[in-house]
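Reading the structure
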Amino acid sequence: MFELLKTDSESKARLGRLTTPHGIVQTPVFMPVGTQASVKALDPRELRETGTQIILGNTYHLNIRPGIEIIRQAGGLHRFMNWDGPILTDSGGFQVFSLSKIRKIKPHGVEFRSHLDGSLLFLGPREAMEIQRALGSDIAMVFDDCPPHTSTARELHAAVERTIRWAGECRQQPRGVGQVVFGIVQGGANAALRESCAKALVALNFDGYAIGGVSVGEPEHEMMKAVEITEPFLPSNQPRYAMGLGTPAQMIELIARGIDMFDCVLPTRVARNGTAFTRKGTIIIKSAVYKADFSPIEQGCDCFACRHFTKAYLRHLLNVEEILALRMLSVHNTHMFLKVMEDTRNAIGSGNFGEFRREFIANYRPSRRVLLARAAVAER
Ligand SMILES: [Zn+2]
């Protein structure tokens, strides 16, 4: 399922190939997030044009609306949303612990109130795997306990214990045809917990491993540390996925630390605030400095938005609240993330990753506003 093609000589960056029932994914890869069976503002043709290889769908949200029976009747998530490429589905663990009002954590899952109408629902390893089987995703995630970064050592310990036990229960469940399952390592910034969680999951022999609990509002250095203390315990011949991350600069730094897969709502979320990603950092298209700027969002970008429209025009559309502006910024931002990943793969392939990384990081100015947006979790 996963072939490790090359490892960088001066960092842990890897080039790989992931084979799924709906196609091949070249790694490192960024996965646009289609929480509600749609990558916000983008249709499947635009996803293809921006260079999307694989998208993310969500168990928690789709189970609440439209309900799994509708997706089953449609013939699965691929058919329902008319995306014929690979799909990875989140197990819903993250949302249960971050969005809903938890009623009770039970031995085999969580009883919670829907964030939508307050109805009483239950999600555990068995249910999460059954839903993902019905969705027909190519990659399913185990149901985990994802605690906030403010958790006490005792809470973290309990979350890791539960995560391991639930991963074992997920492992026992039947899978969809060709579906693979990834384990999720928890443990916060605690090295011993990360190690024991990773070792216990690897013993269960999953098809890939995710590092969870890394997009839960923690500061960046803590997020990097969580990855650094987990990665050495993950098998080198299987894919590694950092959940809910990150900005382009963060993804490059995480690739240098041995990560292959990413998902993040940032490109489409900030697009809706009129913010565009460039290789120098983010720019606010609504800003008055672009009033008469007839250049594209980013010089040299070959996305549809940059080939056809100027900043002055997009700024105007934002000011008069035309939907086209949000669509075009979503196209550009998604394309930008995917192009950075493509350039990263080329750099690893040609042995120039170190130079590429230094140059990218030197040019990219992180924005506090964007880092704060990353910390907000509600959409995912
Ligand atoms: Zn562009």
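Below: a short report on this structure.

Observations concerning the nonpolar core
If you look at the biggest cluster of nonpolar residues, it comprises 112 residues, and the most contacted ones within it are Leu 88, Ile 139, Met 141, Tyr 241, Met 261, Phe 262 and Ile 297. Ignoring anything within four residues of it in the chain, the contact list for Phe 262 reads Val 29, Phe 30, Met 31, Tyr 241, Ala 242, Leu 245, Met 251, Leu 254, Ile 255 and Met 341.

With respect to the coordination of the zinc ion
Tetrahedral coordination by four donors places them ideally at 109.5 degrees to one another around the metal; octahedral coordination by six donors ideally gives 90 or 180 degrees. Here the zinc ion is held by Cys 301 (SG), Cys 303 (SG), Cys 306 (SG) and His 332 (ND1), and the distances to it run 2.1 to 2.3 Å. Going along the chain, you hit the donors of the zinc ion in the pattern C-x1-C-x2-C-x25-H. Taken together, the residues span a long stretch of sequence, with Cys 306 in helix α12 (residues 304-308) and His 332 in helix α14 (residues 323-349) at a distance of 26 residues. Residue Cys 306 shares its accessibility class with His 332, and that shared class is buried.

Points about the environment of Arg 113
Position of Arg 113 relative to the elements: it lies in strand β8 (residues 109-113). The spacing of Arg 113 and Ser 100 is 13 residues in sequence and 5.8 Å in space, taken between C-alpha atoms. When sequence neighbours within four positions are dropped, the list of residues in contact with Arg 113 reads Ser 100, Lys 101, Arg 103, Gly 118, Ser 119 and Leu 120. Within the local environment of Arg 113, its side chain forms a polar contact with the backbone oxygen of Gly 118, the two atoms lying 3.0 Å apart.

What to know about the environment of Cys 170
Mapped onto the elements of the fold, Cys 170 is located in helix α7 (residues 153-172). Residue Cys 170 is classed as buried on the basis of its relative accessible area, which comes to 2%.

Structural notes on the packing of aromatic side chains
Under the counting rule described, the total for this entry stands at nine aromatic pairs. A centroid spacing of 5.1 Å and a plane angle of 45° characterise the contact between Phe 143 and Trp 166, whose relative ring orientation is tilted. One end of the pair, Phe 143, is in the loop between β10 (139-141) and α7; the other, Trp 166, is in helix α7, and 23 residues separate them in sequence. Owing to a relative accessible area of 0%, Trp 166 belongs among the buried residues under this scheme. Geometry around Trp 83 places Arg 48 over its ring, the cationic atom sitting 4.3 Å from the centre.

Some thoughts on the pattern of salt bridges
All told, the structure shown has 22 salt bridges when counted by the stated rule. Glu 231 serves as the salt-bridge partner of Lys 12, at 2.8 Å between the closest nitrogen and oxygen. In this pair, Lys 12 sits in the loop between β1 (2-7) and β2 (14-20) while Glu 231 sits in the loop between α9 (220-230) and β13 (240-242), placing the two residues 219 residues apart along the sequence. Residue classification places Lys 12 among the partly exposed residues on the basis of a relative accessible area of 40%. Under the relative-accessibility criterion, Glu 231 is labelled buried at 7%. Among the salt bridges present, the one from Arg 357 reaches Glu 253, with a minimum N-O distance of 2.7 Å. With a gap of 104 residues between them, Arg 357 in helix α15 (residues 353-363) and Glu 253 in helix α10 (residues 248-255) connect regions that are remote in the sequence. If you follow the salt bridges from partner to partner, you end up with Glu 228, Glu 253, Arg 257 and Arg 357 in one network.

The rules we used
Residues numbered from 1 in each chain as written. Predicted model: local features only at pLDDT ≥ 70, side-chain atom pairs only at ≥ 80, totals over all residues. Heavy atoms only, no water. Core = buried A, V, L, I, M, F, W, Y, C linked by side-chain atoms within 4.5 Å. Buried < 20%, exposed > 50% of the residue type's maximum accessible area, 1.4 Å probe, protein only. Contact = heavy atoms within 4.5 Å. Donors = N, O, S within 2.8 Å, 3.2 Å for Na, K, Ca; no water. Helix = DSSP H or I, 4+ residues; strand = E, 2+ residues; numbered from the N terminus. Polar contact = N/O pair within 3.5 Å; in protein donor to acceptor, adjacent residues only side chain to side chain. Phe/Tyr/Trp six-rings, centres within 6.5 Å; stacked < 30°, edge-to-face > 60°. Lys NZ or Arg CZ within 6 Å of the ring centre and 35° of its normal. Salt bridge = Lys/Arg side-chain N within 4 Å of Asp/Glu carboxyl O.

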